[in-house]
Amino acid sequence: MNLKELAIDIANVYLQHSKVEAVLLGGSVSRNWYDDYADIELFILWRENPTDEDRKAAIHYVNGDIIDFYLYEDEEWSETYIMNETLATS
């Protein structure tokens, strides 16, 4: 599976959550400029403030291993995780 297809699959998992308004894909994957070292950058737009469990739900669903999980800061939440040997940030 290529990274863009994987990103779409992950985005669809996030979109199943009632608190998620939209998911945007950024970085090299969004432009089809990625290589073997690229990561997936997703921007999750929440309708309301998510709980930690809300944020972790999609990561667990795709069997991701959390590397970083940051509290709300500078008007955003941020997490980094690996799944299928691919690094993802949201």
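A short tour of the structure in this document, coming up. Quick caveat: nothing in here was measured; it's all calculated off a predicted structure.

Thresholds, definitions, all that
Residues numbered from 1 in each chain as written. Predicted model: local features only at pLDDT ≥ 70, side-chain atom pairs only at ≥ 80, totals over all residues. Heavy atoms only, no water. Pairing = 2+ DSSP bridges. Helix = DSSP H or I, 4+ residues; strand = E, 2+ residues; numbered from the N terminus. Axes fitted to C-alpha atoms, helices over the stretch in contact; angles between N-to-C directions. Polar contact = N/O pair within 3.5 Å; in protein donor to acceptor, adjacent residues only side chain to side chain. Contact = heavy atoms within 4.5 Å. Expected span 1.5 Å × (residues − 1). Buried < 20%, exposed > 50% of the residue type's maximum accessible area, 1.4 Å probe, protein only. Arc of directions from axis to C-beta.

Things to note about the sheet that holds strand 2 (residues 40-46)
With respect to topology, five strands assemble into an open sheet ordered 1-2-5-4-3, the strand pairing being mixed. Edge positions in the sheet fall to strand 1 (20-26) and strand 3 (65-73), since each has one partner strand and no second. Going across the sheet, the axis of each strand differs from the next one's by a mean of 15°, ignoring polarity.

Re the side chain of D54
Within the secondary structure, D54 is located in helix 3 (residues 52-61). Here the side chain of D54 touches K19 through a polar contact of 2.7 Å, side chain to side chain. Apart from residues lying up to four places away in sequence, D54 is in contact with H17, K19, W46 and N49.

Quick look at helix 1 (residues 3-15)
The first and last C-alpha atoms of helix 1 sit 18 Å apart over 13 residues, in line with the 18 Å expected at 1.5 Å per residue. Those residues of helix 1 that sit buried are L3, L6, A7, I10, A11, V13 and Y14. Mapping the buried residues of helix 1 onto a view down its axis gives an arc of 155°, with all of them on the same face. Those residues of helix 1 that are buried are in contact with strand 1, helix 2 (27-30), strand 2, helix 3, strand 4 (76-83) and strand 5 (86-89). The opening residue of helix 1 is N2, an N-cap whose side-chain oxygen sits 3.0 Å from the backbone nitrogen of K4.

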